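Chain by chain, the residues:
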2 protein chains.
Amino acid sequence: MSNVLTMKLEQFTRFSPSERERLDDLSNHPRKSFARGETIIREGTKVHNIHLVVCGLAARSKTLADGTRQTLAFLVPGDLCDVEVFVLQAMDHDIIAVTDTTCALIPTKEMEDLLSEFSSITKALWWSTMTDSAVLRERIVDHGSRDARQHLAHMFCELLIRYRIIGDARDNAIPFPLTQEELAEATGMSPPHINRVLQQLRGEGLIELRGKVLKILDAESLMKVAQFQTGYLHLNRTEARDPEVSGRADDLVPASPKGLVQGVINKVTRVFE
Amino acid sequence: MSNVLTMKLEQFTRFSPSERERLDDLSNHPRKSFARGETIIREGTKVHNIHLVVCGLAARSKTLADGTRQTLAFLVPGDLCDVEVFVLQAMDHDIIAVTDTTCALIPTKEMEDLLSEFSSITKALWWSTMTDSAVLRERIVDHGSRDARQHLAHMFCELLIRYRIIGDARDNAIPFPLTQEELAEATGMSPPHINRVLQQLRGEGLIELRGKVLKILDAESLMKVAQFQTGYLHLNRTEARDPEVSGRADDLVPASPKGLVQGVINKVTRVFE
DNA sequence: CGTCGGATTGAAGATACTCAACATGAGTGG
DNA sequence: CCACTCATGTTGAGTATCTTCAATCCGACG
C-alpha cells in the first residue's frame, strides 16, 4: 500500500525514488489505534512522536470552560496531527478520534533526520502546513460569511477533494462517520438545524448521506452553492483546469466535476474502514 | 529603534547578539507605504519580497463572488504577511491596509540566507507561523462557540496581548483604527449589531473606544467575559503566571492584568502612528 | 423484542440581520 | 468662519435565521 502521506505530498511535488521510499517508510513506524471518541492528544501535553493519521478520521477540537466543544479541523488519512511539536511547548487543543483511528507514530528524531537529509521533503511538509492554515482560513469564511446551507456545502466540497487526493472518493462518495451532533460542533450550529439543512441539500438532489457515507450527487451544483474555489488547497499538480467550476478566471482551478482529479490519481488504495 | 519582529520573536527565544543584529537588519530593507484601504498583496499573485509590517495595521481578507468580504486576521507591526511565498505558487487571499501602513520588503533570497545561517531564527520563524495558525483556530472558536459579546471581548484581549508584546499597549490602551463596518467584516456580524454590543461593553465599564484608540478599562473582567486563555499564543518567555486570569490551572498563563508582561518588555518604542 | 444512540419533527423564543432614518463630527471649499 | 459634505456612528422597527427544549421516530444490535 502506498503511503497516504506520500500521495498527499505529491499534490505539491514529485519525489525521486529514494525520497519516495523514505516517505513511504514513515507509515511503517509503530502504530497506535484509538477507539471512537478517544483522545489522541490532549491539550497541554508535549508530544514526542509525530502522529500521522493512517486510517480513520480525527479532529482538532477545543473545549471551553462551559463544556462547549468546537471542532477546528478534520484530519483525514495522510494528515499530520502535531508538527507544531518541533517548536511549541504544548498542544493548544485536543486531537480526538471521530471514528476508530490508527496513527503511525513517527519519532521527532526520525523526522528531523528526514528533513535535514531531503530539502524536497522539507518543502513538501512546509507546503502541507501552509495549506492547513489556508483550510483554517476558509473555515473562518464558512463561519463568518456563509449561511448554514453554504457552510455545509463548502465543507462537503472540501472533504470531497481531500478524499480524492488520497484516492478514497470513488463515485464522489466519501467516508462520513460524523453524527449530526458532531457536525453541529464543527459548524457552530445546533443539531436540529443541521438536520433541517441536510434535508434541504438532500431535497435539492445534491447529496446523499446514509450509513456513514456521503455521496455527492451533483458536485458541480454543490460547488456552485458553496461558491467553492479550490485555489486555497494549492493543488499544484493538477493538470486539468475547468473555468466552469470557478467563478474567477485567474484562480487555480484543479478538480473538475467529472472527476479529472480522480483520473490523475491512479492509486486507488482504499484506506478508510 | 529595535525591530518589532525581533521583539515578537523574543517571546519565543533569546537571540545572541549576532543573531539579533541580523534580525534587526531585516526592517532596514527598502520600505513601501500603503494608504488606508489599499491592497498590499492581491489574491492570486506570487510575491517575491516578504512583507514585514513595520507600522500601521493590515488585514488578511477574502472577497466572495457576491462582494462580501471576510477579514481573516489582523497583522500588527512585527507580523509577516507572506511567508507562504517560499512554497506556495500564489496568495489565496488579499492583504489590505486598514490604516496607512508601511512594510519592509525582504527579498526571499535574503530570508533564505538568514534561515540557512541561523537555525535559531528558523525555529523562531517556525514558531511564529505556528502561533499564527493557533490564532486562526481561536478565531474559529470565536465564530462558532462564542456569542457576539464574548467574540468581541476575545478579539480585544488578543490584540491587547499582541500589542503588549511589541511594547505598544501603555495603560492597556492600544491602536484601534477599525470602523464598526470593518469590525463587522471581521466578526461576521452586522454593523448595527457591532454598535450595540460595543455599547454594552462600554456600559459594563470594560472598554473605552474613541478616536482610534481602544482602552481596556478592566482587563481582568474582559478576559473573564471572553474566557480568554493565553495558552494558544505560546508566549514562552513570560515569567509571570497568574491563575486569577485563567479558568484552568494547567494552562499556560502569561499576562497578568497588572501589566506584568509590559514590565517584562522594557523596550517601549512607540511604533504606531 | 427491547434498548439505545441518533435522527427527525414541532413550537416557542432569542439573537442577530435588514433597512431605513437620523446624529455626529471631521474635513473641505466657499 | 461657516456651511456643506461625506463617512461613520447610532437608533428603531420588523423580520429571518437559528436555538432551545421537548417529544417522537427509526434502525442497528444485543
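The name that an unreviewed UniProt entry assigns to chain A is Crp/Fnr family transcriptional regulator, with the source organism given as Aureimonas glaciei.

Residue and element names in this part refer to chain B. Tracing the sequence through the fold places Thr99 in the loop between β6 (94-97) and β7 (101-107). Relative accessible area serves as the criterion here: at 13%, Thr99 is assigned to the buried category. Engagement of the side chain of Thr99 in a polar contact is seen with the backbone nitrogen of Leu57, the distance being 3.2 Å.

Bringing the pattern of salt bridges into the picture now. Inspection of every chain in the model, using the stated rule, returns 30 salt bridges over all chains. For Arg146 of chain A, the salt bridge goes to Asp142 of chain A, with nearest N and O atoms at 2.7 Å. In terms of burial, Arg146 of chain A and Asp142 of chain A fall into one category: buried. Each member of the salt-bridge network shares a partner with another, and the members are Lys8, Asp79, Glu138, Arg139, Asp142, Arg146, Glu158 and Arg162 of chain A together with Lys62 of chain B.

The next point concerns the packing of helix α5 (residues 148-165) of chain A against helix α8 (residues 219-226) of chain A. Residues and elements named next belong to chain A. Where α5 contacts α8, the axes come no closer than 8 Å and their chain directions differ by 130°. With respect to α8, the axis of α5 lies oblique. The two elements α5 and α8 cross, and the hand of that crossing is left-handed. On the side of α5, the interface is formed by Arg149, Gln150, Ala153, His154, Phe156, Cys157, Leu160 and Ile161, while α8 contributes Ala219, Leu222, Met223, Val225 and Ala226. Across the contact of α5 with α8, the residue classes break down as 10 nonpolar, two polar and one charged.

Two copies of a chain can be linked by a rotation about an axis combined with a shift along that same axis. Rotating chain B by 180° about the axis while translating it 0.0 Å along that axis superimposes it on chain A, leaving an RMSD of 0.0 Å. Expressed as an axis order, the relation between the two copies is that of a two-fold axis. Comparing interface residues between copies, 100% of those in chain B also lie at the interface in chain A; the contact surface is shared.

Right, let's talk about the protein's contact with DNA strand C for a bit. Neighbouring residues of DNA strand C: 16 residues in total, closest Arg36, Gln180, Asn195 and Gln199 of chain A together with Ser190 of chain B. Taking the atoms of DNA strand C that fall within 4 Å of the protein, sugar and phosphate contribute 71% of them. The separation between a phosphate oxygen of DNA strand C and a polar main-chain atom of Gly188 of chain B is 3.4 Å. The side chain of Ser190 of chain B places a nitrogen or oxygen atom 2.8 Å from a phosphate oxygen of DNA strand C. Elements with a contribution of two residues or more to the surface near DNA strand C: α7 (191-203) of chain A together with α7 (191-203) of chain B.

Neighbouring residues of DNA strand D: 15 residues in total, closest Ser190 of chain A together with Arg36, Gln180, Asn195 and Gln199 of chain B. Backbone sugar and phosphate groups make up 69% of those atoms of DNA strand D lying within 4 Å of the protein. Residue His193 of chain A places a side-chain N or O atom 3.4 Å away from a phosphate oxygen belonging to DNA strand D. Arg202 of chain B has a polar side-chain atom sitting 3.4 Å from a phosphate oxygen of DNA strand D. Of all the secondary-structure elements, those providing two or more residues to the surface near DNA strand D are α7 of chain A together with α7 of chain B. Top element by residues in the surface near DNA strand D is α7 of chain B. It accounts for five residues. Split by residue class, the surface near DNA strand D holds four nonpolar, seven polar and four charged.

Formed by 50 residues in total, the largest nonpolar core has its most connected members in Leu9 and Met111 of chain A together with Leu9 and Met111 of chain B. Setting aside chain neighbours within four positions, we find Met111 of chain B in contact with Leu26, Ile50, Phe86, Ile106 and Leu125 of chain B.

This part takes up the interface of chain B and chain A. In this assembly, 46 residues from chain B lie in contact with 46 residues from chain A. Between chain B and chain A, a total of about 4,200 Å² is buried, with carbon and sulfur atoms accounting for 63% of that surface. It is Val87, Arg137 and Ile140 of chain B in chain B that bury the most area against chain A; as a group they hold 17% of the surface buried on that side. Between the two partners, chain B and chain A, sit six salt bridges. Arg137 of chain B is the salt-bridge partner of Glu84 of chain A, the closest N and O atoms lying 3.9 Å from each other.

With that out of the way, let us pick up the environment of Ala35 of chain B. Within the secondary structure, Ala35 of chain B sits in the loop between β1 (31-34) and β2 (39-41). If near-sequence neighbours (up to four positions away) are discounted, Ala35 of chain B is found in contact with Ala97, Thr99 and Asp100 of chain B.

Residues and elements named next belong to chain A. With respect to burial, strand β7 (residues 101-107) is a largely interior element, six of its seven residues being buried. Direction of pairing for strand β1 (residues 31-34) relative to β7: antiparallel, over a ladder of four bridges. Residue pairing across strands places Phe34 opposite Thr101, the latter belonging to β7.

All names here are of chain B. Where helix α3 (residues 108-117) is concerned, the buried positions are Thr108, Met111, Leu114 and Leu115. Down the axis of α3, the buried side of the element spans an arc of 120°, and every buried residue falls inside it. In α3, those exposed residues whose orientation departs by more than 90 degrees from the buried face are Lys109 and Ser116.

Conventions adopted
- Residues numbered from 1 in each chain as written.
- Chains lettered and ligands numbered in written order.
- Predicted model: local features only at pLDDT ≥ 70, side-chain atom pairs only at ≥ 80, totals over all residues.
- Heavy atoms only, no water.
- Helix = DSSP H or I, 4+ residues; strand = E, 2+ residues; numbered from the N terminus.
- Buried < 20%, exposed > 50% of the residue type's maximum accessible area, 1.4 Å probe, protein only.
- Polar contact = N/O pair within 3.5 Å; in protein donor to acceptor, adjacent residues only side chain to side chain.
- Salt bridge = Lys/Arg side-chain N within 4 Å of Asp/Glu carboxyl O.
- Axes fitted to C-alpha atoms, helices over the stretch in contact; angles between N-to-C directions.
- Parallel < 35°, antiparallel > 145°, perpendicular 65-115°, else oblique.
- Left-handed = near helix turned anticlockwise from the far one by under 90°.
- Contact = heavy atoms within 4.5 Å.
- Nonpolar A, V, L, I, M, F, W, Y, C, P; charged D, E, K, R; others polar.
- Least-squares fit on C-alpha atoms with pLDDT ≥ 70 in both.
- Near = heavy atom within 4 Å.
- Core = buried A, V, L, I, M, F, W, Y, C linked by side-chain atoms within 4.5 Å.
- Buried area = accessible area lost by both parts, 1.4 Å probe.
- Pairing = 2+ DSSP bridges.
- Arc of directions from axis to C-beta.

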